[in-house]
Amino acid sequence: MFEHLTAQKPDGILMLMQMYREDTRTDKVDLGVGVYKDASGNTPVMRAIKAAEHKLWETQDTKTYVGLAGAPDFNDAMVKLVLGDAVPRTSVHSVATPGGTGAVRQAFELTRMSNPEARVFVSNPTWPNHLSILDYLGMEKVMYRYFDDETRGVDFDGMIADLKTAKKGDLILLHGCCHNPTGANLTGPQWDAVIEVLHDTGATPMIDIAYQGFGDGLDADAAATRAVAAAVPECLIAASCSKNFGIYRERTGILMLVANGTDKAVAQGTLNFLNRQNYSFPPDHGARLVTMILNDDALRADWMAELEEMRTGMLTLREQLAKELETRSGSNRFGFLAEHRGMFSRLGASSDLVEKMRTDSGIYMVGDSRMNIAGLNAQTVPILADAIVKAGA
Ligand code: LMR
């Protein structure tokens, strides 16, 4: 039967990773997959993670299963990290998931179970895997305007106009912070306007928050998620620990469900059921480390300090790049790079130019001209600026 299989469309981000590995040039620059890199190009294990792993190795005396929903203390710590005191803890149902992607997948499945006709509103553009998973699940997508190619900011009027066409029973997927792939984000008052649309339409928001701490700080980055969760009767939140704890391969994430109109046992039971069907117990190693860090004052302080170094480092690179481009291009049309937040910025170059920069200068960015800012360092910023100007982007 397997002879009937057909080739799947390759994932653009993962394909680029492969191409970069195969390129033998020594001065190539990897701005592809969303992985943080330090100034030497390494993705370090964070200090607090190392310390927690050491402690765990010494103290853990069993690897038996934890609960289907994950370890309760992980879920508590993550709900607190993301939602703060925005909603009572008893209103939040949650399951640990394999990474943020696991949470996204479960959120979509839960939506489909609740309403097979649900349309899912996604920003244009969004993380390509959002679209791919929705297609795989056979769910209807509606793209809402988001990125303004002219300003390289948010096309807010277009976004609101499109969101107004949603209705009760639809899901609106929003990026909590650090929009992937554009780096363009909503302001506080703009989030208030989105909340108003959520009230008016009755559509259910889903927030994907994968980069908390990479934009304006841990609390600032969660502010919109908290505001939405506090304002609506029900919402879904998919959070990832891959980036802000640097534990990509441990697959650590959480899906939270606020469903005030739903029987609590049914809400939690359905989340548990979905875990059981898809992978049974969620992975625990990364979740355990995160819990140890969040619940230990010293480890938490050290984690926050290192995360802050990463965040400010990316901001410095943004400013340096915008400046170098201003000098070379004699215009401030790249000023948006310093305004964007998070790991990514969409340059706004055509796919031909992206390819040209790869061929001529060894610059690897995603085909839609998404750049991973953390892939730069003080030495490669001028190389990138040269390549952008040379390509005429
Ligand atoms: C990215 O957008 O590059 C990351 O979220 C990694 C991935 O899985 O695509």
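Residues numbered from 1 in each chain as written. Predicted model: local features only at pLDDT ≥ 70, side-chain atom pairs only at ≥ 80, totals over all residues. Heavy atoms only, no water.

**Here's the deal with the site of the ligand**
Right, so step 1: The ligand sits among Ile13, Val33, Gly34, Trp127, Asn180, Tyr211, Lys243 and Arg370.
Right, so step 2: Within the contact set of the ligand, an oxygen atom lies 2.7 Å away from a backbone nitrogen or oxygen of Gly34.
Right, so step 3: Residue Trp127 places a side-chain N or O atom 3.1 Å away from an oxygen atom belonging to the ligand.
Right, so step 4: Protein burial of the ligand: of its 270 Å² of free accessible surface, 80% is covered by the chains.
Right, so step 5: Class assignment of the residues belonging to the shell around the ligand gives a composition of four nonpolar, two polar and two charged.
Right, so step 6: Lining the shell around the ligand are residues from two domains, each supplying at least three of them: domain 1 (11-45 + 309-391) and domain 2 (65-295). (Near = heavy atom within 4 Å. Polar contact = N/O pair within 3.5 Å; in protein donor to acceptor, adjacent residues only side chain to side chain. Areas by Shrake-Rupley, 256 points an atom, 1.4 Å probe, with all protein chains shown as cover. Nonpolar A, V, L, I, M, F, W, Y, C, P; charged D, E, K, R; others polar. Domains from an automatic or database assignment.)

**As for the domain arrangement of the protein chain**
Right, so step 1: Annotation of the protein chain at the domain level lists domain 1 (11-45 + 309-391) and domain 2 (65-295).
Right, so step 2: Using C-alpha coordinates to define each centre, domain 1 is positioned 27 Å away from domain 2.
Right, so step 3: Facing the 21 residues of domain 1 at the interface are 24 residues of domain 2.
Right, so step 4: Of the roughly 1800 Å² buried between domain 1 and domain 2, counting both surfaces, carbon and sulfur atoms make up 56%.
Right, so step 5: It is Arg311, Arg341 and Arg346 in domain 1 that bury the most area against domain 2; as a group they hold 33% of the surface buried on that side.
Right, so step 6: The interface formed by domain 1 and domain 2 includes one salt bridge.
Right, so step 7: Here Asp216 and Arg341 are joined by a salt bridge, their closest N and O atoms 2.9 Å apart.
Right, so step 8: For the pair domain 1 and domain 2, the number of links is 10 residue pairs in polar contact (both at pLDDT 80 or more).
Right, so step 9: Listed by contribution, the elements that provide at least two residues to the side of domain 1 that touches domain 2 are helix H11 (297-329) and strand S9 (344-346). (Contact = heavy atoms within 4.5 Å. Buried area = accessible area lost by both parts, 1.4 Å probe. Salt bridge = Lys/Arg side-chain N within 4 Å of Asp/Glu carboxyl O. Helix = DSSP H or I, 4+ residues; strand = E, 2+ residues; numbered from the N terminus.)

**Some thoughts on the packing of aromatic side chains**
Right, so step 1: In this structure the tally under the stated criterion is seven aromatic pairs.
Right, so step 2: On the numbers, 6.3 Å between centres and 50 degrees between planes, the contact of Tyr211 with Phe214 is tilted. Of the two residues, Tyr211 and Phe214, both sit in the buried class.
Right, so step 3: For Tyr211, a relative accessible area of 6% translates into the label buried. (Phe/Tyr/Trp six-rings, centres within 6.5 Å; stacked < 30°, edge-to-face > 60°. Buried < 20%, exposed > 50% of the residue type's maximum accessible area, 1.4 Å probe, protein only.)

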